[in-house]
Amino acid sequence: MDLRIFTEPQQGADYDTLLKVARATEELGFDAFFRSDHYLRMGPGDGLPGPTDAWITLAGLARETRRIRLGTLMTAGTFRLPGVLAIQVAQVDQMSGGRIELGLGAGWFEEEHTAYGIPFPKEKFGRLEEQLAIVTGLWETEAGKTFSYEGKHYRLADSPALPKPAQRKIPVLVGGHGATRTPRLAARYADEFNIPFASLEDTERQFGRVRAAAEEAGRAAGDLVYSNALVVCVGKDDSEVARRAAAIGRDVEELKANGLAGSPAEVADKLGRYAAVGSSRVYLQVLDLDDLDHLELISAQVAPQLG
């Protein structure tokens, strides 16, 4: 099972903090560093020092790391025009030497749009579908040819479809809990399907829907990677688990019920249960970005138990 580190910088983290976490991610053998794409803190607190932009952050990390994959869970479709997003992601992929992955979602947090003057359209899912078609279409267009698109929300005419990514194909992630439209979009456009903060039962059910949608679309269900995103809180003993839970304002029993919490053995066991329902990759949501010892413990005592 791949273990990836997933951060939420809008809760209060500057670029230097993210760089320390990304470097620890690389040094400790994790597969990737991902971040959210938000401009406003959620829940109580001041959010200091303020938000960082996802793709500016990843551009910097592309030059300051060497091995790990880099990406978003999920880039908000409401924040960027799809043509511009295709350029940004392709450029950062070039800067990284071909290590970028794009998670793209519809956008949902209305308050951050209001706070920063970003339009918040009523029809978001239809826009997301067009954005996926445009971004992937631009990248797939052969050099020397042009790309055009006529949709309800976006229109492109004779785009040179440049620049091209360093990778032959940037992996695209689609995710969510939707029962019908989300699996259909994943089946059509995604290389990976991610379900965030879901129980084992909900994970198994949603993976089944995506597999069925892929086969209905004429695609092998096994063509997709199936993954989870789950909050993580590991400690060598109960007191360390309690300390880490308190540091992120969460209850230990709630974390055990809804995430990955407890001793290394407990967390490895639960990860094994997610693997049994089809998950081959887990994004570990790390909320205390100053606690690098937490990452070291997971790397040393959880990861080796996963095989």
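What you see is a predicted model; the values in this text were computed from it and never measured.

A. Region of the structure containing the overall build of the protein. Counting its regular elements, the protein contains 11 helices and 12 strands. For 307 residues, the compact-globule estimate of 2.2 N^0.38 gives 19 Å, and the protein sits close to it at 19 Å. Here the C-alpha coordinates of the protein stretch approximately 60 × 45 × 35 Å along the principal axes. Here the protein holds 307 residues, and the buried ones make up 55% of them. Across the protein, contacts joining residues at least 24 apart in sequence account for 73% of those joining residues at least 6 apart.

B. A look at the pattern of salt bridges. Tallying each qualifying case throughout the model produces 22 salt bridges. For Arg69, the salt bridge goes to Glu101, with nearest N and O atoms at 2.9 Å. Residue Arg69 is found in strand E3 (residues 69-72), and its partner Glu101 is found in strand E5 (residues 100-105); the two are separated by 32 residues along the sequence. The buried category is assigned to Arg69, whose relative accessible area is 18%. The exposure class of Glu101 is buried, given its relative accessible area of 4%. With a shortest N-O distance of 3.0 Å, Arg184 and Glu129 are connected by a salt bridge.

C. Seen up close, empty space enclosed by the protein. Summed over all chains, the structure comprises one cavity of 30 Å³ or more. Approximately 60 Å³ is the volume found for the largest cavity. Forming the boundary of the largest cavity are Val232, Cys233, Arg244, Ala247, Ile248, Val286, Leu287, Asp288, Asp291 and His294. For the lining of the largest cavity, the secondary-structure elements that each account for two or more residues are strand E10 (225-234) and helix H8 (238-247).

D. Local environment of the side chain of Thr65. On the secondary structure map, Thr65 appears in the loop between helix H2 (54-64) and E3. In this structure the side chain of Thr65 is engaged in a polar contact, spanning 2.7 Å, whose partner is the backbone oxygen of Leu61. Setting aside chain neighbours within four positions, we find Thr65 in contact with Ala22, Glu26, Leu70 and Arg99.

E. Quick look at the environment of Val89. Counting through the fold element by element, Val89 comes out in helix H3 (residues 82-96). Put simply, Val89 and Gly71 are 18 residues apart on the chain and 9.4 Å apart in space, counted from C-alpha to C-alpha.

F. Structural detail: the packing of aromatic side chains. Counted by the stated rule, this structure contains six aromatic pairs. With a centroid separation of 4.6 Å and 25 degrees between ring planes, the pair formed by Tyr39 and Phe79 is classed as stacked. Of this pair, Tyr39 sits in the loop between strand E2 (32-35) and H2 while Phe79 sits in the loop between strand E4 (75-76) and H3, and the two are 40 residues apart along the sequence. Summarising the burial analysis for this pair, Tyr39 and Phe79 share the class buried. In this structure, Arg181 is placed above the aromatic ring of Phe125, and the distance from its NZ or CZ to the ring centre is 4.1 Å. Of note, Arg211 hangs over the ring of Tyr226, and the distance from its end group to the ring centre comes to 4.3 Å.

G. Summary view of the nonpolar core. Ranked by internal contacts, the top residues of the largest apolar core, which has 75 residues, are Trp55, Leu102, Trp139 and Leu284. Per-element accounting of this core gives the leading share, eight residues, to helix H5 (residues 125-140). Setting aside its immediate chain neighbours within four residues, Leu284 contacts Leu3, Arg4, Ile5, Phe6, Phe30, Leu230, Val232, Leu260 and Ile298. Core analysis: the second largest hydrophobic core is formed by eight residues, Val231, Ile248, Val252 and Leu255 among them.

H. Region of interest: the packing of H3 against H5. In the contact formed by H3 and H5, the axes pass within 9 Å of each other and the chain directions differ by 45 degrees. With respect to their mutual orientation, H3 and H5 come out oblique. Taken as a pair, H3 and H5 cross one another with a handedness that is right-handed. For the pair H3 and H5, the contacting residues are Pro82, Gly83, Leu85, Ala86, Val89 and Ala90 in the first and Gln131, Ile134, Val135, Leu138 and Trp139 in the second.

I. Layout of unusual backbone geometry. With an omega dihedral of 10 degrees, the bond running from Leu48 to Pro49 counts as a cis peptide bond. Of the consecutive residues Leu73 and Met74, the connecting peptide bond is found in the cis state with omega at -25 degrees. Along the polypeptide, Met74 turns up in the loop between E3 and E4. Although it is not a glycine, Asp158 adopts a positive phi angle of roughly 50 degrees.

Parameters at a glance
Residues numbered from 1 in each chain as written. Predicted model: local features only at pLDDT ≥ 70, side-chain atom pairs only at ≥ 80, totals over all residues. Heavy atoms only, no water. Helix = DSSP H or I, 4+ residues; strand = E, 2+ residues; numbered from the N terminus. Rg over C-alpha atoms; globule rule 2.2 N^0.38 Å. Buried < 20%, exposed > 50% of the residue type's maximum accessible area, 1.4 Å probe, protein only. Contact = heavy atoms within 4.5 Å. Salt bridge = Lys/Arg side-chain N within 4 Å of Asp/Glu carboxyl O. 1 Å grid on protein atoms, 1.4 Å probe; cavity = no way out; pocket = protein on both sides within 12 Å on 5 of 7 lines; lining within 4 Å. Points joined across faces, edges and corners; volume = space filled by probe spheres on them. Polar contact = N/O pair within 3.5 Å; in protein donor to acceptor, adjacent residues only side chain to side chain. Phe/Tyr/Trp six-rings, centres within 6.5 Å; stacked < 30°, edge-to-face > 60°. Lys NZ or Arg CZ within 6 Å of the ring centre and 35° of its normal. Core = buried A, V, L, I, M, F, W, Y, C linked by side-chain atoms within 4.5 Å. Axes fitted to C-alpha atoms, helices over the stretch in contact; angles between N-to-C directions. Parallel < 35°, antiparallel > 145°, perpendicular 65-115°, else oblique. Left-handed = near helix turned anticlockwise from the far one by under 90°.

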